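What the coordinates show
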Amino acid sequence: MSAHASDSSYVDKEKGAIYDERALPAEIAPEDAIVRRYGRFGPFLAKLFASGVEARGVERVPEDQRETKNMWNNLLMWWSVNTVLTTIPIGTLGQAFFTLTLPHTIAAILCFGALGGVATAFISTLGPKTGLRTMIITRFSSGYVGGTIYSILNILTQLGFSVTAVILGGQTLASINPGTLPLVVGIIIIGILSVIPCFIGYNYVHYYERYAWIAIFIIIMFLWGLGGHAGFDINAQKPLEDTGRSLSADILSFGGIVFGSFTGWAPVAADYNCRLPANTSSMKIFLLTFFGLWIPICFVEILGAALMTITDPAYTDAFEAGSTGGLVAQVLAPWGGGGKFLLVLLGLSVVANNIPNSYSAGLSMQSLGRPFAMVPRFAWTFLAFVIYTVAGVAGREHFSEILSNFLSILSYWTAFFIVIVAEEHFIFRRAGGALGGYNLDDWDLPGKLPVGAAGILAGCFGVAGAVVGMSEVWYTGPLAKDAGSALFGADLGFELAAAFAAVTYPPLRWLEIRLTGR
């Protein structure tokens, strides 16, 4: 090739290299790489990408392909994702499962929510710095194999979120005119509406989430007003609330669920800002993400807790018969047809919540390894849709149990995942640290990435911390028993998972770097 770029060449401004456009690296032109890879299906895929479907999957975004247009979506996207019907039932668990009064429920939501918001906002800052999706970033602390393990955990996490979303959305749609729309059909409707933006990809996801919060936020305000009119009773749970050590156990256990409702977004937080310029202010990203999470999640979870204090038998019976969807329908019932219309919008609001679950589940499937990354992102997204829709239909009668157990367990692994990534970033990758930064070109080179032994072992210690500290219906760890009452333990799972990983990772990683140099 001549020293000058020809008409069929591409100049990489970052590396100063000239590529033949017929053989561009997948990072620079993923659509061309996929079209060439699939031979006879190439023309069809080319038309698909030309129509706007995103080709880029887990490949790193080069600096000269970054853009600033979605900066404020670090706030607005998370606001839309969490100002939804799906967030309400988390607040109801404080009273339904832990018999907490409203003041104690609110305190737990605000405090544990702030902790989870800080952790998730930190992960979000790594997107612009690296140009990588979240699960790929884990390779720089836990190696290729460790990154695969995290990807598996994240696939299960996002599919679990999706299952709860489609069930609740389906329940709400089915409760509008009981007997006319089967719950199964409602679940399928929510699933289909969720997968469409994800199939198209990154830009359409951002466009939808930029505006989705507006109407639903107004409806949430209506629910506050109608609930207040029905009569919030701040002391409704007082006779049922535990005291002493049992009360502490209840708060810690509920707090773990709240923490999980925030940190459940940490494994996907960098997926939606990795196209921002590398020099984007980390503080701005952190603050926008934190408030985009903390304000709407707390606001809506506290609404769920407040609705549980209504003592009118019509409302308590509605919750017993139809869970959160039935309770919300009863709150809107005084408005008749108008209330049913708002209920439809609330049921459909879970689409905004389910979009990042579906989109990032597909990315995590690609992150399992090179053979998986060669399959187009949209194909994995469609597979995720099939899995969570079928699972939602199968588990539609057990929503509260699924939600409670899923969010508790979720907080365990996200806690040690965040700690390990943070310690790698602030201790070993800082300027002047043992490694002095990230060699981002190594993102898919197992031989140049860390071996991963330190990250995997620290994760195992994190699991051990969760096991001795967890308190679930089906198992209570020894430390959880000691911290709780005679009947129920205190769920210390995420705290101990984070602590065990935090203590063990630095010495293990130091030894790994000393022995391997990477």
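In what follows, the accompanying structure is described. (Residues numbered from 1 in each chain as written. Predicted model: local features only at pLDDT ≥ 70, side-chain atom pairs only at ≥ 80, totals over all residues. Heavy atoms only, no water.)

A short note on the overall build of the protein chain
What counts here: Strands here mean DSSP runs of E at least two residues long; helices mean DSSP runs of H or I at least four residues long; both are numbered from the N terminus. Restricting the calculation to C-alpha atoms gives the radius of gyration, and the globule rule supplies 2.2 Å times the number of residues raised to the power 0.38. Exposure classes here rest on a 1.4 Å probe applied to the protein chains alone. A residue is buried below 20% of its type maximum, exposed above 50%, and partly exposed in between. In this description, contact between two residues means that some pair of their heavy atoms is separated by no more than 4.5 Å. Accessible areas in this description were obtained via Shrake-Rupley with a 1.4 Å probe; residue shielding takes into account the shown protein chains only.
Counting its secondary structure elements, the protein chain contains 20 helices and 2 strands. In terms of overall size, the protein chain behaves like a compact globule, its C-alpha atoms giving a radius of gyration of 24 Å where 518 residues would be expected to give roughly 24 Å. Expressed as a percentage of the 518 residues in the protein chain, the buried residues total 57%. In the protein chain, 80% of the contacts between residues at least 6 apart in sequence involve partners at least 24 apart. Accessible area of the protein chain: about 20000 Å², with a carbon and sulfur share of 68%.

Quick notes on the packing of aromatic side chains
This is how the line gets drawn: Each Phe, Tyr or Trp ring (for Trp, its six-membered ring) is paired with any other whose centre lies within 6.5 Å, and the angle between the two planes then decides the class: stacked below 30 degrees, edge-to-face above 60, tilted in between. Only lysine NZ and arginine CZ atoms are considered, and such an atom sits over a ring when it is within 6 Å of the ring centre and within 35 degrees of the ring normal.
A full pass over the atoms with the stated rule returns 31 aromatic pairs. Centroid distance Trp 78 to Tyr 272: 6.1 Å. Interplanar angle 90 degrees. Geometry classified as edge-to-face. Of the two residues, Trp 78 is situated in helix α3 (residues 73-82) and Tyr 272 in the loop between α11 (244-263) and α12 (282-307); the sequence distance between them amounts to 194 residues. On the basis of relative accessibility, which here comes to 4%, the residue Tyr 272 falls in the buried class. One aromatic cluster is present, built from ring pairs that chain together Trp 79, Trp 213, Phe 217, Trp 224, Phe 232 and Phe 299. Sitting over the ring of Tyr 202, Arg 275 keeps its end group 4.4 Å from the ring centre.

Some points on the environment of Leu 440
Among the secondary structure elements, Leu 440 is positioned in the loop between α17 (399-428) and α18 (453-469). Distance from Leu 440 to Ile 137, taken between C-alpha atoms, is 9.4 Å for residues 303 residues apart in sequence. Leave out the neighbours within four places in its chain, and Leu 440 touches Arg 60, Lys 129, Thr 130, Leu 132 and Phe 140.

A short note on the pattern of salt bridges
Counted only if it meets this: Think of a salt bridge as a Lys or Arg side-chain nitrogen and an Asp or Glu carboxyl oxygen that are within 4 Å of each other.
Within the structure shown, the criterion is met by 9 salt bridges. The partner of Glu 54 in a salt bridge is Arg 133, with the nearest N and O atoms 3.1 Å apart. You can see Glu 54 sitting in the loop between α2 (42-50) and α3 and its partner Arg 133 sitting in the loop between α5 (102-130) and α6 (134-137), a full 79 residues away along the chain. Exposure remark for Glu 54: the relative accessible area of 8% places this residue in the buried category. According to the relative accessible area criterion, Arg 133 is buried, its value standing at 2%. Of the charged contacts in the structure, one is a salt bridge between Glu 63 and Arg 60, with a shortest N-O distance of 2.7 Å. Assessed through its relative accessible area of 30%, Glu 63 is described here as partly exposed. What emerges from the salt-bridge pattern is a single network uniting Glu 54, Arg 133, Arg 275 and Arg 377.

Here's the deal with the nonpolar core
How we decide: As used here, the term nonpolar core means buried Ala, Val, Leu, Ile, Met, Phe, Trp, Tyr and Cys residues forming a set that is joined through side-chain atoms within 4.5 Å.
The biggest cluster of nonpolar side chains holds 72 residues, and the ones touching the most others in it are Ile 123, Phe 254 and Phe 417. Discounting chain neighbours no more than four positions away, the residues touching Phe 254 are Ile 90, Gly 91, Leu 93, Gly 94, Phe 98, Leu 100, Thr 105, Ala 108 and Ile 109. Counting residues in hydrophobic clusters, the runner-up holds 43 residues, among them Leu 159, Ile 190, Met 308 and Val 350.

Examining α2
Residues that lie three or four places apart on an α-helix share one face, since the helix turns once every 3.6 residues. Defined as follows: The arc in question is the one spanned by the directions pointing from the helix axis to the C-beta atoms.
Within the sequence span of α2, burial applies to Gly 42, Leu 45, Leu 48 and Phe 49. Angularly, the buried residues of α2 cover 120 degrees about the axis, an arc narrow enough to put them on a single face. Counted as exposed and oriented over 90 degrees from the buried face of α2: Pro 43, Phe 44, Lys 47 and Ala 50. Note on α2: the residue one or two positions beyond its end, Gly 52, has a positive phi of about 120 degrees.

Section: the packing of helix α14 (residues 336-366) against helix α16 (residues 377-394)
To keep things clear, this is the line we draw: Angles run from 0 to 180 degrees between N-to-C directions of axes, and those axes are lines fitted to C-alpha atoms, restricted for helices to the stretch in contact. For classification, angles of less than 35 degrees are called roughly parallel, those exceeding 145 degrees roughly antiparallel, those between 65 and 115 degrees roughly perpendicular, and all remaining angles oblique. Crossing handedness is defined as follows: a turn of the near helix away from the far one that is anticlockwise and smaller than a right angle gives a left-handed crossing, while the clockwise case is right-handed. Under the grouping applied here, Gly and all other residues not named as nonpolar or charged are polar, the nonpolar ones being Ala, Val, Leu, Ile, Met, Phe, Trp, Tyr, Cys and Pro and the charged ones Asp, Glu, Lys and Arg.
At their nearest, the axes of α14 and α16 sit 8 Å apart, and the two run at 120 degrees to each other. Our classification of the angle between α14 and α16 gives oblique. When you trace α14 past α16, the crossing you get is right-handed. Together, Asn 354, Ser 358, Tyr 359, Ala 361, Gly 362, Leu 363, Met 365 and Gln 366 of α14 and Arg 377, Trp 380, Thr 381, Leu 383, Ala 384, Ile 387 and Tyr 388 of α16 make up the contact between the two elements. Of the residues in the contact of α14 with α16, the class split is 9 nonpolar, 5 polar and 1 charged.

Examining the state of the cysteines
Put simply, the test is: Whenever a pair of cysteine sulfur atoms sits within 2.5 Å, that pair is classed as a disulfide.
This model, assessed by the stated rule, comprises 0 disulfides. Free cysteine: Cys 198, not disulfide-bonded; nearest cysteine sulfur from Cys 274 at 15 Å. Of the residues examined, Cys 198 reaches a relative accessible area of 0% and is grouped as buried. Here Cys 298 stays free of any disulfide, with the sulfur of Cys 111 as its closest cysteine sulfur at 9.2 Å.

Here's the deal with helix α1 (residues 30-37)
All buried positions along α1 are accounted for by Pro 30, Ala 33 and Ile 34. End-on view of α1: buried residues confined to an arc of 95 degrees, all on one side of the axis.

Things to note about a nonpolar patch on the surface
Our working rule: Residues enter patches when they are more than 30% accessible in relative terms and free of salt bridges; like-charged ones are connected within 9 Å and nonpolar ones (Val, Leu, Ile, Met, Phe, Trp, Tyr) within 5 Å.
A cluster of nonpolar side chains, namely Tyr 204, Tyr 207, Tyr 208, Tyr 211, Ile 214, Ile 218, Phe 222 and Trp 335, defines an oily patch on the protein surface of about 780 Å² accessible area. At the level of elements, α9 (202-211) and α10 (213-230) are the ones that each hand at least two residues to the nonpolar patch. Per element, the largest residue contribution to the nonpolar patch is 4 residues, and it comes from α9. Mapped onto the elements, Phe 222 comes out in helix α10.

Overview of the side chain of Ser 151
Within the element layout of this structure, Ser 151 appears in helix α7 (residues 139-176). Owing to a relative accessible area of 0%, Ser 151 belongs among the buried residues under this scheme.

Thoughts on the packing of α5 against α12
One way to put it is that α5 packs onto α12 with a least axis distance of 7 Å and a crossing angle of 150 degrees. Judged by the inter-axis angle, α5 sits roughly antiparallel to α12. Along this stretch, α5 crosses α12, giving a crossing that reads as right-handed.

With respect to the side chain of Ser 364
Spelled out, the test is: A 3.5 Å cut-off defines polar contacts: any pair of N or O atoms within that distance qualifies, except that in protein one atom must be a possible hydrogen donor and the other a possible acceptor, and neighbouring residues in sequence count only when both atoms are side-chain atoms.
Counting through the fold element by element, Ser 364 comes out in helix α14. Among the polar contacts made by the side chain of Ser 364, one reaches the side chain of Asn 154 at a distance of 2.8 Å. Not counting residues up to four positions away in its chain, the partners in contact with Ser 364 are Met 135, Ser 151, Asn 154 and Ile 155.

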